[in-house]
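The residues making up each chain are set out below.
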Amino acid sequence: METWISLLIPGAIILFFVVHYLRGLKKKERNWEAAAEKGKLYSEGPKAQHPHIDSNLCIGCQTCTSVCPEGDVLGMVGGKAAIINGFKCIGHSLCADACPVGAIQMVMASAGMSAEMPALTGEYESNVQNLFIVGELGGLALIKNAVNQGRECIDAIAARVAAYPAPEDACDVLIVGAGPAGISASLRAIEKKLRYITIERDEVGGTVAKYPRQKLVMTSPVEFPMYGKFKKMELSKENLLEFWQKVMQRADFKVRSGERVDDIQKDPGDGIFTVTTSKSRYRAKAVVLALGRGGTPRKLGVPGEELPKVMYRLIEADHYVNKKILVVGGGDSAVEAALGLAHQIGNQVTLSYRQERFSRIKTRNEQHLQDATKAGKLTVLFNSNVVSIRPQSVTIDVNGHPRELANDYIWVFAGGTPPNDFLKKAGVQLGTRDLTTEASNEARHAALARKQASRPQIRTSLVGAEM
Ligand SMILES: Cc1cc2nc3c(=O)[nH]c(=O)nc-3n(C[C@H](O)[C@H](O)[C@H](O)COP(=O)(O)OP(=O)(O)OC[C@H]3O[C@@H](n4cnc5c(N)ncnc54)[C@H](O)[C@@H]3O)c2cc1C
């Protein structure tokens, strides 16, 4: 009898946990199915970098769903990982890193999707020899990718310079842009003792410097030149810029800011580039383009848009109080700007979007937006388009009916025009890249390298355990 009881109690405890686990799993599955339905409703699927899951390899362990910082990009459908809200993926690739069986690869675009992109080699070299393209301009977003590519392309350049040094009157490498890719490339050039010039049309930090104040930046551990392993996963924009500043100062990194590169031409004779900027002219053996894809902000093209009250970037929302504000756009940048402005004293904020619903914003932004509209801090006008702008007002077409709003400021978040003309002028061929395979291969190599690196360690620890 006693044996029965001693078996029954642990049995009941185990059963309790199993039932509890299975119930939790069922609930999660229901939520994933609902999210998948909603994902289908709101979007045609992923538009940029996103995970590709090999369902033959997937073991349904849910590691990927638990590590994704964006929430419900992935879910489990029929016991396997599946993309349920692909449009929300911003390419952190934590799912691919975490997958224990290498079933996830990051790909650039859905099959059949095309993009006008420069064709690049594995060393990020364009069709123009010694002209390299790194960071977001090459097609991959995210700070960690920009840092990795900036570092890696300089390694390739350093090897070439060692074999064939640049002439005295030319630098080894000229880097255009000082965002994360350009900073990383410049610091690596210092590390490799190359003669470098870095030119930035604006300020150091690139897109990161233009994030709204105190924006939380998600990143991944990355090898940062002149520093070593940078391990932070999330930090404020200010802290990230401060970190870069410290490393740049220590490395005595010199950047020519406030200078725009206008033209790059290669001498067919000696193969040296002549780089013409708004202030000067330089000669370089190699050029690294780290321009980002922001390019020039896309405009609305309506009368009155040239007024100084129309802006395309918001950094300090708290500089604007007691104002009548219109924000135009339907992405996270527009929504975050509208929310930031709506929380300042006395502001009346209207968010105008040309579609009938938001289809690609983060769940937390969607929630904050609902809260703000319920609290009367913000008005959203769907199916609306700005028609004309005047100093004190703006006319918007809402569902085919013109409406005039009193207005002090307008922010437009309609994306940017990538610098494709600039690239073409430099001789870079743009074309429809098979982005899916290309990124898959890159990810496959990285996954393989990770696995190979981790194998000996596992074996050693097992041997240790046996002994
Ligand atoms: C709102 C927002 C939030 C984001 N959040 C994150 C996040 O949390 N985590 C993350 O990893 N990524 C995030 N990203 C993406 C990330 O910021 C970019 O992928 C990254 O900045 C790309 O780096 P880059 O160096 O390639 O280009 P950029 O950062 O765009 O830098 C390009 C630089 O080149 C300069 N330049 C351009 N043309 C010229 C010229 N002709 N002459 C001289 N200089 C020139 C520009 O002024 C700029 O400084 C976010 C992006 C946005 C817009």
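Further up the page is the structure itself.
Residues numbered from 1 in each chain as written. Predicted model: local features only at pLDDT ≥ 70, side-chain atom pairs only at ≥ 80, totals over all residues.

The next subject is the overall build of the protein. In terms of regular secondary structure, the protein is built from ten helices and 27 strands. Burial analysis of the protein (467 residues in total) assigns 36% to the buried set. Put simply, 68% of the contacts in the protein that link residues at least 6 apart link residues at least 24 apart. (Helix = DSSP H or I, 4+ residues; strand = E, 2+ residues; numbered from the N terminus. Buried ≥ 20, exposed ≤ 12 C-beta atoms within 10 Å, placed from the backbone. Contact = placed C-beta atoms within 7 Å.)

Another aspect to go through is the nonpolar core. Residues Val173, Leu174, Val287 and Val288 are the most contacted members of the largest nonpolar core, which totals 46 residues. Among the elements that line this core, the one with the most residues is helix α4 (residues 143-163), at seven residues. Counting residues in hydrophobic clusters, the runner-up holds 33 residues, among them Leu339, Ala342, Val394 and Ile396. (Core = buried A, V, L, I, M, F, W, Y, C linked by C-beta atoms within 7 Å.)

Moving on, we get to the sheet that holds strand β25 (residues 409-412). Pairing is parallel in the open sheet, where five strands are placed in the order β18-β25-β19-β20-β21. Two strands bound the open sheet, and with one partner strand each, they are β18 (310-311) and β21 (378-381). Strands in contact with helix α7 (residues 332-342) are β19 (324-328), β20 (348-352), β21 and β25; relative to β19, the strand with the most contacts, it is inclined by about 165°. (Pairing = 2+ DSSP bridges. Axes fitted to C-alpha atoms, helices over the stretch in contact; angles between N-to-C directions.)

This part covers the sheet that holds strand β22 (residues 384-390). Overall, antiparallel pairing links the three strands, which are arranged β22-β23-β24 in an open sheet. The open sheet has two free edges, formed respectively by β22 and β24 (401-406), since each of these has just one partner strand. Pairwise comparison of adjacent strand axes, ignoring direction, gives a mean angle of 25° for this sheet. The pairing of strand β23 (residues 393-398) with β24 spans six bridges and is antiparallel. Opposite Thr395, over in β24, you have Glu404 as the bridge partner.

Around the ligand there are 32 residues in total, and Gly135, Gly177, Gly179, Gly206 and Gly292 lie nearest to it. Of all the secondary-structure elements, those providing two or more residues to the shell around the ligand are α4, α5 (180-191), β8 (196-200) and β9 (216-218). With three residues, α5 is the single largest residue contributor to the shell around the ligand. Along the lines of polarity and charge, the residues of the shell around the ligand split into 17 nonpolar, ten polar and five charged. (Near = placed C-beta within 6 Å. Nonpolar A, V, L, I, M, F, W, Y, C, P; charged D, E, K, R; others polar.)

Below, the discussion takes up the packing of α7 against helix α8 (residues 363-374). α8 packs onto α7 with a crossing angle of 35° between their chain directions and a minimal axis gap of 10 Å. Regarding α7 and α8, the two cross each other, and that crossing is left-handed. Counted together, Asp332, Val335, Glu336, Leu339 and Ala342 of α7 and Asn365, His368, Leu369 and Ala372 of α8 form the full contact between these two elements. Split into classes, the residues belonging to the contact of α7 with α8 amount to five nonpolar, two polar and two charged. (Left-handed = near helix turned anticlockwise from the far one by under 90°.)

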